[in-house]
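Structural description and commentary
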Amino acid sequence: KELCRLSALERNLYFADVAKAASALKKCYKPDAICYMDLEDVDDELVSHIIPKYKEDGTYGVQPIIDSNAEYSRRVMSKISADEVFSVMEKLLKKE
């Protein structure tokens, strides 16, 4: 569903989940900043990218590129383990 077609409740719940995922990412990887990208594409899907940024590897202050072949994407993705993020997210969700 497109962002502009979500009800206020749906939008608030969606972005609350995005915030929880970003919180888990920050706890796991301690980035200097987080970049958010919301994309709507084929099949009327809303996709959010939560991208950690680091001063020491040159990703901080650089506009992210979503391309599996790009050097930027390889540097960012090399730091991320989905299992770790999901584990932290589960703990955060249990606190609610």
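So, here's what we can say about the structure.

The rules we used
Residues numbered from 1 in each chain as written. Predicted model: local features only at pLDDT ≥ 70, side-chain atom pairs only at ≥ 80, totals over all residues. Heavy atoms only, no water. Helix = DSSP H or I, 4+ residues; strand = E, 2+ residues; numbered from the N terminus. Buried < 20%, exposed > 50% of the residue type's maximum accessible area, 1.4 Å probe, protein only. Contact = heavy atoms within 4.5 Å. Areas by Shrake-Rupley, 256 points an atom, 1.4 Å probe, with all protein chains shown as cover. Polar contact = N/O pair within 3.5 Å; in protein donor to acceptor, adjacent residues only side chain to side chain. Phe/Tyr/Trp six-rings, centres within 6.5 Å; stacked < 30°, edge-to-face > 60°. Lys NZ or Arg CZ within 6 Å of the ring centre and 35° of its normal.

Observations concerning the overall build of the chain
From N to C terminus, the chain includes three helices and two strands. Along the chain, helices (α) and strands (β) appear in the sequence α-β-β-α-α when read from the amino end. For the chain, with 96 residues in total, the buried portion stands at 27%. Partitioning the intrachain contacts of the chain with sequence separation of at least 6 by distance along the chain shows that 44% fall at a separation of at least 24. Accessible area of the chain: about 6600 Å², with a carbon and sulfur share of 54%.

A short note on the side chain of Asp57
Tracing the chain through its elements places Asp57 in the loop between strand S2 (46-53) and helix H2 (71-77). Residue Asp57 is classed as buried on the basis of its relative accessible area, which comes to 14%. One polar contact links Asp57 to Thr59, side chain to side chain, over a distance of 2.7 Å.

Regarding the packing of aromatic side chains
A full pass over the atoms with the stated rule returns one aromatic pair. When the ring of Tyr14 is compared with that of Phe15, the centres are 5.2 Å apart and the planes differ by 85°; the resulting orientation is edge-to-face. One cation-aromatic arrangement involves Lys55 over Tyr60; the distance from NZ or CZ to the ring centre is 5.1 Å.

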